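Examining the three-dimensional arrangement
Residues per chain are reported as follows:
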Amino acid sequence: MGEALAKDTAADNVAQRDLSNAIRALSMDAVQQANSGHPGMPMGMADVASVLFTKFLKFDASAPDWPDRDRFVLSAGHGSMLLYSLLYLTGYPGMDIEQIKNFRQLGSKTAGHPEYGHAAGIETTTGPLGQGLGNAVGMAMAERLLNARHGDDIVDHFTYVIAGDGCLMEGISQEAISLAGHLQLSKLIVLFDDNAISIDGATDLTVSDDQLQRFEASGWETCSVDGHDADAVAVAIEAAQGSGKPSLIACKTIIGYGAPNKEGTASTHGAPLGDDEIAATREKIGWPHGPFEIPGEILSSWRAAGNRGAPQREAWETRAESLGAQEMARLSDPVDSDVVKAIREAIAAVKADFSSQAPKLATRVSSQQILERLVPVVPGITGGSADLTGSVGTLTSHHSDMKPNDYSGSYIRYGVREHGMAAAMNGMALHGGIVPYGATFLVFTDYCRPSIRLSALMEQRVIYVMTHDSIGLGEDGPTHQPVEHLASLRAMPNLNVFRPADAVECAECWDIALTSPGTPSILVLTRQGLPTMRTDHETDNLCARGAYVIREADGERDVTLLATGSELELASNAAETLGKEGIKAAIVSMPCWELFESQDEGYRSQVLGSAPRVGVEAACGFGWDKWTGSDGAFIGMSSFGASAPAAQLYEHFGITAEAIAAAAKRVSGK
């Protein structure tokens, strides 16, 4: 299935150099018109890209969502005009010449860096260097996982990446290539734009790595070719397709190739060439056509390349009929209405068990018990952790490990590669057919954050299980105790941050995370045991509204206590104390601020009430004034933590039922 495709296409009727020069011309013209952008990389990698797209890449431009297409990732996202040119030339729907002319303009599909969802054919959002490489590893993992389940007739495709020097300098690249090499992802091929230029100048100012040896040390096949020799590039790609390892092809290129006065220099990296240099480039490369003008013969050849995968796609559709419509659709989105129903039934059953049994469990433990019910009913759910499986509760009895050359398992040992894990999960979600979740400690969201941000930006259902959520983890001390992390994550748009207070809420949060296809989720879970706060079974998902009154005051409220996670127990104890003194306190659980903010004003007012409010959370108070108001109070952290048993730390930092009660008296005037 992975052989070079239909090499006797109409593209062969036009010189390969002319096909490449069409990319160069569009790229320099679009950047010039926008007076902004990066012409150098597209001009330098045009020869490599034209070989890949006309001779090897398995795709059908008329069916951009074909599940068994090859994936192409432009990790060096600053060179976005390379991708946009290819999408226009090969005839992807919606990418017309006006989009090329409107490069980097408000409302265009051709943003400064490729953005997933803006146009068909953009497989992922890139720009933060190295992220695309990390995503591609996840895509290649998803391909192997689904191939193990469905066989070569249904899933058998390559993932290609164009990466630059900057991608390989970023630390995430080492995590990504190490993981890919370990798993022997032989369907992953990286085309390295080896142009030896960065923004500051020659790369030897900052790096002396031998990239081929580096990749070889991680278990990759490597070779080096002249990136402007189309035949050499083709031979290298064909060899890589037959390798049993992931492959790196170092393509020695000249940045800004064809610009007579600027090629090979940093000045072509991130600025327009200028009218005079563009005119000189046209003369040098033999391109006498005007701005944005592609001769009919050349465009027809490119369009033929865009259509050459149609017979393979049609043959695949015939084979895939054996799956049935539902299973075929699950290759793209595995959570359909039947799966949602199964999730809801599993969650209802486990909630009923928790409410009746009222266990005292760390939410990391209740999460694992919930996963025992969910994994069998969610096709494509794939878990893992960053070398913390025993601590984070992500492995179930239904799992087996994904291993090198054995991809039948659905649990991934990511190793101590938090950033690589998060980027790979994005890639798996983008690929389709997989619902990824992965875990580490909440404090290490710092290592995952760039990928979490991209999950949110790309609207991907990626579930981050982040445990050991506060000073409640105890003796490991302030290096491992999150303080500012909740506030920081809540500041990110389109990210649901869940901090459940008990096993029942944890189940409800899993329900929401799995059934929210356009929003990533962070499940913030405890190390320490928490009592079951909701012992009366409730069929409705109360967490779905973000916050709710878990116990109303006995009469008109004197004060409202707002809490998340482990501190809900403290708020409950404080309310008991206040009640004995005749102070009527309502208790509100706030497991997800983002969902609460999305409720109508009437519901929010009903929950918050008009009485003074006290917020409680074992974290910094940034953002809490939105809920407590100017006349409220906050009980939480104002410094880093310390190393000691958890109970002592709560006393030491004044996060106690007594402190909550005192604050309630103060704000209520009682």
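Treat the numbers as computed from the prediction; the structure is a model and nothing was measured.

Counting its secondary structure elements, the chain contains 26 helices and 18 strands. Its C-alpha atoms give the chain a radius of gyration of 28 Å, near enough to 26 Å, the size a compact globule of 670 residues would have. Taken along the three principal axes of its C-alpha coordinates, the chain extends 90 × 55 × 45 Å. Relative to its full complement of 670 residues, the chain shows a buried share of 62%. Sequence-distant contacts, at least 24 apart, represent 78% of the contacts inside the chain between residues at least 6 apart.

Okay, the pattern of salt bridges next. Under the counting rule described, the total for this entry stands at 29 salt bridges. Where Arg-557 meets Glu-552, a salt bridge forms, and the shortest distance between an N and an O atom there is 2.9 Å. For Arg-557, a relative accessible area of 14% corresponds to the buried category. Salt bridges here are not isolated pairs; linked through shared partners, they connect Arg-17, Arg-24 and Asp-47.

This brings us to the packing of helix H1 (residues 16-34) against helix H3 (residues 80-90). Each pair of packed helices can be summarised by the angle the axes make with each other and by the distance between the axes. Axis separation between H1 and H3 bottoms out at 9 Å; the angle between their running directions is 120°. Regarding the angle of H1 to H3, the classification is oblique. Note that H1 runs across H3; the crossing there is right-handed. Contacts between H1 and H3 involve Ala-22, Ile-23, Leu-26, Ser-27, Ala-30 and Val-31 from the first element and Met-81, Leu-82, Ser-85, Leu-86, Tyr-88 and Leu-89 from the second.

Moving on to the pairing of strand E15 (residues 559-563). For E15, the tally of buried residues reaches five of five residues, placing the bulk of the element in the interior. Here E15 shows no split at all, with Val-559, Leu-561 and Ala-563 on one side and Thr-560 and Leu-562 on the other all buried. By the bridge criterion, five bridges tie E15 to strand E16 (residues 585-589) in an arrangement that is parallel. Residue pairing in the sheet places Leu-562 in a bridge with Val-588 of E16.

This paragraph deals with the nonpolar core. Among soluble globular proteins, nonpolar side chains are generally buried collectively. One finds Ile-100, Met-141, Leu-185 and Trp-302 to be the most contacted residues of the largest nonpolar core, which totals 125 residues. For Met-141, the contacting residues outside a window of four places in its chain are Leu-179, Leu-183, Leu-185, Met-402, Ile-412, Tyr-414, Ala-424 and Met-428. Within the second largest apolar cluster, 51 residues are counted, among which are Phe-444, Val-504, Cys-506 and Leu-523.

Between its terminal C-alpha atoms helix H14 (residues 337-357) stretches 30 Å, which fits the 30 Å expected from 21 residues at 1.5 Å a residue. Of all the positions in H14, only Val-339, Ile-343, Ala-346, Ile-347, Val-350, Lys-351, Phe-354 and Ser-355 are classed as buried. Taken around the axis of H14, the buried residues stretch over an arc of 165°, which confines them to a single face. Among the exposed residues of H14, those pointing more than 90 degrees away from its buried face are Ser-337, Lys-341 and Ser-356. Looking at the buried residues of H14, the elements they touch are helix H13 (325-330), helix H15 (363-374) and helix H20 (503-514).

Another point: the environment of Ile-97. Considering the arrangement of structural elements, one finds Ile-97 in helix H4 (residues 97-101). Once the C-alpha coordinates of Ile-97 and Tyr-84 are considered, the two residues, 13 residues apart in sequence, prove to be 9.9 Å apart.

Looking now at the environment of Gly-290. Of note, Gly-290 is situated in the loop between helix H10 (275-285) and helix H11 (296-307). Sequence separation of Gly-290 and Ile-249 is 41 residues, and the distance between their C-alpha atoms is 34 Å.

The next thing to look at is the sheet that holds strand E1 (residues 71-74). Taking strand neighbours across the sheet as the criterion, the five strands line up as E1-E2-E3-E7-E6 in an open arrangement whose pairing is parallel. Unpaired on one side and paired on the other, E1 and strand E6 (221-226) mark the two borders of the sheet. Averaged over all pairs of adjacent strands, the angle between strand axes in this sheet comes to 20°, irrespective of strand direction. When E1 meets strand E2 (residues 159-164), the two strands line up parallel, connected through four bridges.

Ordered by their spatial adjacency, five strands build an open sheet running E14-E16-E15-E17-E18, and the pairing between neighbours is mixed. At either end of the open sheet lies a strand with only one pairing partner, and these are strand E14 (548-551) and strand E18 (633-637). If you compare each strand with its neighbour and ignore which way they point, the axes differ by 30° on average. Seen against the sheet, helix H26 (residues 657-668) touches E15, strand E17 (613-620) and E18 and runs at an angle of roughly 155° to E18.

For Gln-184, which is not glycine, the phi torsion reads 55° and is therefore positive. Of note in this structure, Asn-405 is not a glycine but carries a positive phi near 65°. In this structure, Asn-405 sits in the loop between helix H16 (389-392) and strand E9 (411-413). Classification of Asn-405 by relative accessible area gives exposed; the value is 53%.

With that out of the way, let us pick up the packing of aromatic side chains. Throughout the structure, instances matching the rule amount to 14 aromatic pairs. Judged by centre distance (5.9 Å) and plane angle (35°), the ring pair of Phe-158 and Tyr-160 falls under tilted. The rings of Trp-593, Phe-596, Tyr-603, Trp-624, Trp-627 and Phe-634 are connected pair by pair, giving a single aromatic cluster.

With twelve residues, H15 ought to run about 16 Å at 1.5 Å a step, and its terminal C-alpha atoms sit 16 Å apart, in line with that. Of the positions making up H15, those classed as buried are Thr-363, Arg-364, Ser-366, Ser-367, Ile-370, Leu-371 and Leu-374. Around the axis of H15, the buried residues are gathered within 155° of arc, so they sit on the same side. Those residues of H15 that are buried are in contact with H14, H16, strand E10 (435-441), strand E11 (463-467) and H20.

This part covers the state of the cysteines. Tallied over the full model, the rule gives zero disulfides. The structure places no disulfide on Cys-167, whose sulfur is separated from the nearest cysteine sulfur, that of Cys-251, by 14 Å. We note that Cys-509 lacks a disulfide partner, and the nearest cysteine sulfur, in Cys-543, lies 4.2 Å from it. The class for Cys-509 is buried, based on a relative accessible area of 0%.

Together, Asp-209, Asp-210, Glu-216 and Glu-221 make up a negatively charged patch on the protein surface. Residue position: Glu-221 is located in strand E6.

All told, the structure shown has three cavities of 30 Å³ or more when counted by the stated rule. By volume, the largest cavity amounts to about 80 Å³. Around the largest cavity, the lining residues are Phe-53, Leu-57, Phe-59, Arg-69, Asp-70, Arg-71, Phe-72, Leu-83, Leu-87, Tyr-92, Gly-121 and Glu-123. Contributions of two or more residues to the lining of the largest cavity are made by E1 and H3. Grouping the amino acids of the lining of the largest cavity by side-chain chemistry returns seven nonpolar, one polar and four charged.

Thresholds, definitions, all that
- Residues numbered from 1 in each chain as written.
- Predicted model: local features only at pLDDT ≥ 70, side-chain atom pairs only at ≥ 80, totals over all residues.
- Heavy atoms only, no water.
- Helix = DSSP H or I, 4+ residues; strand = E, 2+ residues; numbered from the N terminus.
- Rg over C-alpha atoms; globule rule 2.2 N^0.38 Å.
- Buried < 20%, exposed > 50% of the residue type's maximum accessible area, 1.4 Å probe, protein only.
- Contact = heavy atoms within 4.5 Å.
- Salt bridge = Lys/Arg side-chain N within 4 Å of Asp/Glu carboxyl O.
- Axes fitted to C-alpha atoms, helices over the stretch in contact; angles between N-to-C directions.
- Parallel < 35°, antiparallel > 145°, perpendicular 65-115°, else oblique.
- Left-handed = near helix turned anticlockwise from the far one by under 90°.
- Pairing = 2+ DSSP bridges.
- Core = buried A, V, L, I, M, F, W, Y, C linked by side-chain atoms within 4.5 Å.
- Expected span 1.5 Å × (residues − 1).
- Arc of directions from axis to C-beta.
- Phe/Tyr/Trp six-rings, centres within 6.5 Å; stacked < 30°, edge-to-face > 60°.
- Disulfide = S-S within 2.5 Å.
- Patch = residues over 30% accessible without salt bridge, like charges linked within 9 Å, V, L, I, M, F, W, Y side chains within 5 Å.
- Areas by Shrake-Rupley, 256 points an atom, 1.4 Å probe, with all protein chains shown as cover.
- Lys, Arg positive; Asp, Glu negative; His and termini not counted.
- Charge placed at Lys NZ, Arg CZ, Asp CG, Glu CD.
- 1 Å grid on protein atoms, 1.4 Å probe; cavity = no way out; pocket = protein on both sides within 12 Å on 5 of 7 lines; lining within 4 Å.
- Points joined across faces, edges and corners; volume = space filled by probe spheres on them.
- Nonpolar A, V, L, I, M, F, W, Y, C, P; charged D, E, K, R; others polar.

Function cannot be read off these values alone, since they describe shape.
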